[in-house]
Amino acid sequence: MGKAEDERLQRYFDGELSPEERGQVEAALTEDDRLKLAALGEVRGLVANALAAEAADVDLWPGIAQKLGGGGKAAAKPRRRWGLRAHPASWSAGLVSLAAAALLLVVQPWHSQHAQNGCDIESLETTGAVATVIHMDDTPHRGDEATTVIWTTEDD
Amino acid sequence: MRQARGAAAVALGAVMLLVGGVARAGGATCDVPIVHALPGGGATQIDPKIDMLKPYLSKPPFTAWHDFRLLDRKMLTLQEGGSATFMMPDNRPATLTFLGHTAGPGEHRMRLRLIIEHPEKQHRVLDTTFVLDEGGVVLTVGHRHDNGVLILGVSCKTQN
């Protein structure tokens, strides 16, 4: 078989021929040609298996996801591991969010301008008197903090 | 470029936190009204100058008195760690010390110490340290004076 015939047989194997050309090749196939086609088929199968095995070795995500309990859904999205690199702008967005959170922490716009009366007595000492700490309902304000009254009654 | 934007955002956040911290680092201005509570009679009378205290003076345990008059009012400017001493109407010295700023659950708070002395008996009738919400009020009651009692309020804000 000449070089032209070999190329034609390869194109036949690859499915590149028109129906008319395919008919012509099939009509002229020899036993030697059939052996070549079988060999090409085996090589293609071996290459495909080798590539699949290599890909499985490189991509560890399905195994990791399975270990982490991610299950089939995680394994079905192996490319997700590249999500952060694919969208580097998310870093800037995160930092801007951080700055906004810092601003809110300082300004605290959710607090009203009306002061609360929250008071914690850390120490209380009296001499010649008895002191009582009373917490009054802070109804005139927002009502979520009591007003503290330190009531002393002196000895006679 | 993206790194520069990120660094700028971090720097902005840091500056804002720094500015916020510095703003809280000032002294304190404290309003200390001294009220004379008398038994009175009939309807409760509350001095218009102490309207801010009216909601408290109108209900127990203050309902034992019916006449509330502002005898004195001290406006004290205190640096952190600083004290001011003033005389109560019964000639007892009282000392208010601003111990510093502190933080609470969602509020800015101020730590203060109040001492009321008994000069004749040479002891401290009251010595208390408390942490109060900025702008909030704490009341001390009980020093007898002219057929009534004295009510001393303490309310502080960060000095501007």
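Residues numbered from 1 in each chain as written. Chains lettered and ligands numbered in written order. Predicted model: local features only at pLDDT ≥ 70, side-chain atom pairs only at ≥ 80, totals over all residues.

Q: Looking at this structure, how should I read the sheet that holds strand S6 (residues 108-118) of chain B?
A: Pairing between the strands of a sheet comes from backbone hydrogen bonds, and it takes one of two forms, parallel or antiparallel. Across the sheet, five strands lie side by side as S1(A)-S7(B)-S6(B)-S5(B)-S4(B); this open sheet has antiparallel pairing. Edge positions in the open sheet fall to strand S1 (119-126) of chain A together with strand S4 (83-87) of chain B, since each of these has one partner strand only. Across the sheet, the axes of successive neighbouring strands diverge by a mean angle of 15°, strand direction being ignored. Alignment of strand S5 (residues 93-103) of chain B against S6(B), held across nine bridges, turns out to be antiparallel. Note that in S6(B) the partner of B:Ala94 across the bridge is B:Ile116. (Pairing = 2+ DSSP bridges. Helix = DSSP H or I, 4+ residues; strand = E, 2+ residues; numbered from the N terminus. Axes fitted to C-alpha atoms, helices over the stretch in contact; angles between N-to-C directions.)

Q: Explain the pairing of strand S3 (residues 67-78) of chain B here, please?
A: The side chains of a regular strand alternate between the sheet's two faces. Residue and element names in this part refer to chain B. The pairing of strand S1 (residues 28-38) with S3 spans eleven bridges and is antiparallel. Counterpart to Cys-30 in the pairing with S3 is Leu-76. With two bridges joining them, strand S2 (residues 45-46) and S3 adopt parallel strand pairing. Note on S3: the bridge partner recorded for Ile-46 is Phe-68.

Q: Sorry, what's going on with the confidence of the model for chain A here?
A: Parts of the prediction with low pLDDT should not have their coordinates interpreted in detail. Residues and elements named next belong to chain A. Put simply, chain A has an average pLDDT of 69, and 47% of its residues get 70 or more. At the low end of the mean pLDDT range in chain A sits helix H6 (residues 83-86), at 45; at the high end sits S1, at 92. Segment residues 71-84: pLDDT under 50, and ten contacts once partners within four positions in sequence are set aside and those in other chains are kept. Scored below 50 in pLDDT, residues 109-114 shows four contacts in the model against residues more than four places distant or in partner chains. (pLDDT = per-residue confidence, 0-100. Contact = placed C-beta atoms within 7 Å.)

Q: Could you clarify how one ought to interpret helix H1 (residues 3-14) of chain A in this entry?
A: Residues separated by three or four positions in an α-helix point in the same direction, a consequence of the helix having 3.6 residues per turn. The end-to-end C-alpha distance of H1(A) is 16 Å, a good match for the 16 Å that twelve residues give at a rise of 1.5 Å each. Backbone geometry just downstream of H1(A) places A:Gly15 in the positive-phi region, at approximately 75°. (Expected span 1.5 Å × (residues − 1).)

Q: Is there a simple way to think about the sheet that holds S3(B) in this case?
A: In spatial order, the strands read S2(A)-S3(A)-S8(B)-S9(B)-S1(B)-S3(B)-S2(B); together these seven strands make up an open sheet with mixed pairing. The open sheet is flanked by strand S2 (129-136) of chain A together with S2 of chain B, the only strands paired with a single partner.

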